[in-house]
Amino acid sequence: MDHEDVWQFTVKMYGRDGVAPLFLTLQERCGLDVNMMLFMFYLGTQGKAPSSISALETAVKDWRDNVIIPLRQTRRYLKNAQGDAAQALRQKVKSDELQAERIEQHILCDTVQTVAASDGLAAARAYLSPTRFDLSQAECDAAFASLCGLMGLSETA
């Protein structure tokens, strides 16, 4: 799988109006991995699905827990820090966090085993579910519909 294609898709979709705030709300509220969700959407647009979402979660868990989350926490801590030096460090940490997110996508690309998908968004729908996150089915459905709408993806792909 082409790492650059996945990254370009991610940047494009995440940059659409309203997408980032919704993803960040889901990340904060229930621990949704934004990279994983965007990867599921990317696969769907390619007519593919992962043979195992759980295998992908396992593949990125240590990286996310030991690199991405600590960088995110550090960046957030520095947000209100006083002084130019602290804010310069925050920008560096922000850049490092973005690079770590990109590496997570490389892990996903290198790990994924795909199958053809008749419903291109089934994997994204399956990932954003009450079995994985502390959300009701109605909340998952509403978030999924909102994301599809904001990203210009048909829910019935």
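Please refer to the structure placed before this passage.
From a predicted model like this one, the values you see are computed outputs, not experimental measurements. (Residues numbered from 1 in each chain as written. Predicted model: local features only at pLDDT ≥ 70, side-chain atom pairs only at ≥ 80, totals over all residues. Heavy atoms only, no water.)

Trainee: Go over the layout of surface pockets with me, naming the residues and quoting the values.
Mentor: Of the volumes computed, that of the largest pocket is approximately 670 Å³. Of all the secondary structure elements, the ones that give two or more residues to the lining of the largest pocket are α1 (3-14), α2 (19-30), α3 (34-45), α4 (53-78) and α5 (84-111). Its residues placed into classes, the lining of the largest pocket shows ten nonpolar, five polar and eleven charged. (1 Å grid on protein atoms, 1.4 Å probe; cavity = no way out; pocket = protein on both sides within 12 Å on 5 of 7 lines; lining within 4 Å. Points joined across faces, edges and corners; volume = space filled by probe spheres on them. Helix = DSSP H or I, 4+ residues; strand = E, 2+ residues; numbered from the N terminus. Nonpolar A, V, L, I, M, F, W, Y, C, P; charged D, E, K, R; others polar.)

Trainee: Any details on the side chain of R64? Residues and values, ideally.
Mentor: If you trace the backbone, R64 turns up in helix α4. Among residues more than four places away in sequence, those in contact with R64 are D33, I69, P70 and E104. (Contact = heavy atoms within 4.5 Å.)

Trainee: With reference to specific residues and values, describe the nonpolar core.
Mentor: Formed by 39 residues in total, the largest nonpolar core has its most connected members in L32, M37, F39, M40, F41 and L128. Elements supplying a minimum of two residues to this core: α1, α2, α3, α4, α5, α6 (122-127) and α7 (137-151). The element best represented in this core is α3, accounting for nine residues. When neighbours within four sequence positions are excluded, F41 is seen to be in contact with F9, L121, A124, F144, L147, C148, M151 and L153. The next biggest cluster of nonpolar side chains, apart from the first, holds five residues, and it includes I68, L71, V93 and A100. (Core = buried A, V, L, I, M, F, W, Y, C linked by side-chain atoms within 4.5 Å. Buried < 20%, exposed > 50% of the residue type's maximum accessible area, 1.4 Å probe, protein only.)

Trainee: Account for α7, naming residues and giving values.
Mentor: Taking 1.5 Å per residue, 15 residues should reach 21 Å; α7 reaches 21 Å between its end C-alpha atoms and fits that length. For α7, every residue scored as buried is listed here: C140, A143, F144, L147, C148 and M151. All buried residues of α7 fall inside an arc of 135° around its axis, so they share one side. Exposed and facing more than 90 degrees away from the buried side of α7 are A138 and G149. (Expected span 1.5 Å × (residues − 1). Arc of directions from axis to C-beta.)

Trainee: Give a detailed account of the side chain of D33, specifying residues and quantitative values.
Mentor: With respect to the helices and strands, the residue D33 is situated in the loop between α2 and α3. A polar side-chain atom of D33 sits 3.0 Å from the main-chain amide nitrogen of N35. In this view, D33 contacts V60, R64, E104 and Y127; residues no more than four positions away in its chain are not counted. (Polar contact = N/O pair within 3.5 Å; in protein donor to acceptor, adjacent residues only side chain to side chain.)

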